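Observations on the model geometry
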Amino acid sequence: MSDVQVGTEIPALELAPISRYTLALFAGASGDHNPIHIDSDFAKAAGMPDVFAHGMLSMAYLGRMLTNWQPQARLKSFNNKFAAITHLQDVITCRGKVVELLEKDGKTLARCEIQAAKANGEPTLLGEAVVEV
């Protein structure tokens, strides 16, 4: 029997400050070489103060939080909406909690609200995941 209940919090994942190195590594790993994320001159010409993180980088962090909690094979769905830009040196923390338990095909599923947020509490991603528990 699972000890997961409505209200169970997923262990938070706090990341190191976003750096240019992190952005370069993510661009290489993801194949997303949009210059707004890696070229300061390009980002400034576009009206931004500097480069900023790929939205999918924070989504990857949310995925890591979920799979640190439950094995990847138990992750049934995972989605989010982008709420704010993640700038250089922002410290992102991913959090989540179980908001509903469902039964489907003899399995217990947990519907979880998830988010990535800056140190000041501003959410950058808001989403939901369904995980078999």
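Now for a description of the structure that goes with this document.

Parameters and conventions
- Residues numbered from 1 in each chain as written.
- Predicted model: local features only at pLDDT ≥ 70, side-chain atom pairs only at ≥ 80, totals over all residues.
- Heavy atoms only, no water.
- Helix = DSSP H or I, 4+ residues; strand = E, 2+ residues; numbered from the N terminus.
- Buried < 20%, exposed > 50% of the residue type's maximum accessible area, 1.4 Å probe, protein only.
- Core = buried A, V, L, I, M, F, W, Y, C linked by side-chain atoms within 4.5 Å.
- Contact = heavy atoms within 4.5 Å.
- Arc of directions from axis to C-beta.
- Polar contact = N/O pair within 3.5 Å; in protein donor to acceptor, adjacent residues only side chain to side chain.

1. A short note on the overall build of the protein
Within the protein, the secondary structure is distributed over 3 helices and 5 strands. Walking the protein from its N terminus toward its C terminus, one meets helices and strands in the order β-α-α-α-β-β-β-β. The principal-axis extents of the C-alpha atoms in the protein amount to approximately 55 × 30 × 20 Å. Evaluated residue by residue, the protein yields a buried proportion of 38% over its 133 residues.

2. Thoughts on the nonpolar core
Side chains of a nonpolar character, in soluble globular proteins, are inclined to be buried together. Of all hydrophobic cores here, the largest spans 31 residues; its most connected members are Met65, Trp69, Cys94 and Ile114. If you tally residues by element for this core, the top one is helix 3 (residues 55–69), at 7 residues. Discounting residues that sit within four places of it in the chain, Cys94 has contacts with Ala12, Leu13, Leu15, Tyr61, Leu62, Met65, Gln115 and Ala116.

3. Side note on the environment of Gln72
If you trace the backbone, Gln72 turns up in the loop between helix 3 and strand 2 (75–82). Expressed as a C-alpha distance, the spacing of Gln72 and Phe52, which sit 20 residues apart in the sequence, is 28 Å.

4. What to know about helix 1 (residues 20–30)
Taken as a whole, helix 1 has its buried residues at Leu23, Phe26 and Ala27. Along the long axis of helix 1, the arc covered by the buried residues comes to 105 degrees, so they all point the same way. Along helix 1, exposed side chains directed more than 90 degrees from the buried face belong to Tyr21 and Ala29. Buried residues in helix 1 make contact with helix 3. Of the residues one or two after helix 1, Gly31 is the one with positive phi, at around 80 degrees.

5. Here's the deal with the environment of Asp39
Position of Asp39 among the secondary structure elements: in the loop between helix 1 and helix 2 (40–45). On the accessibility criterion, Asp39 (31% relative accessible area) is partly exposed. C-alpha separation for the pair Asp39 and Leu23, spaced 16 residues apart in sequence, amounts to 10 Å. Polar contacts involving the side chain of Asp39 include one to the main-chain amide nitrogen of Asp41, which spans 3.0 Å.

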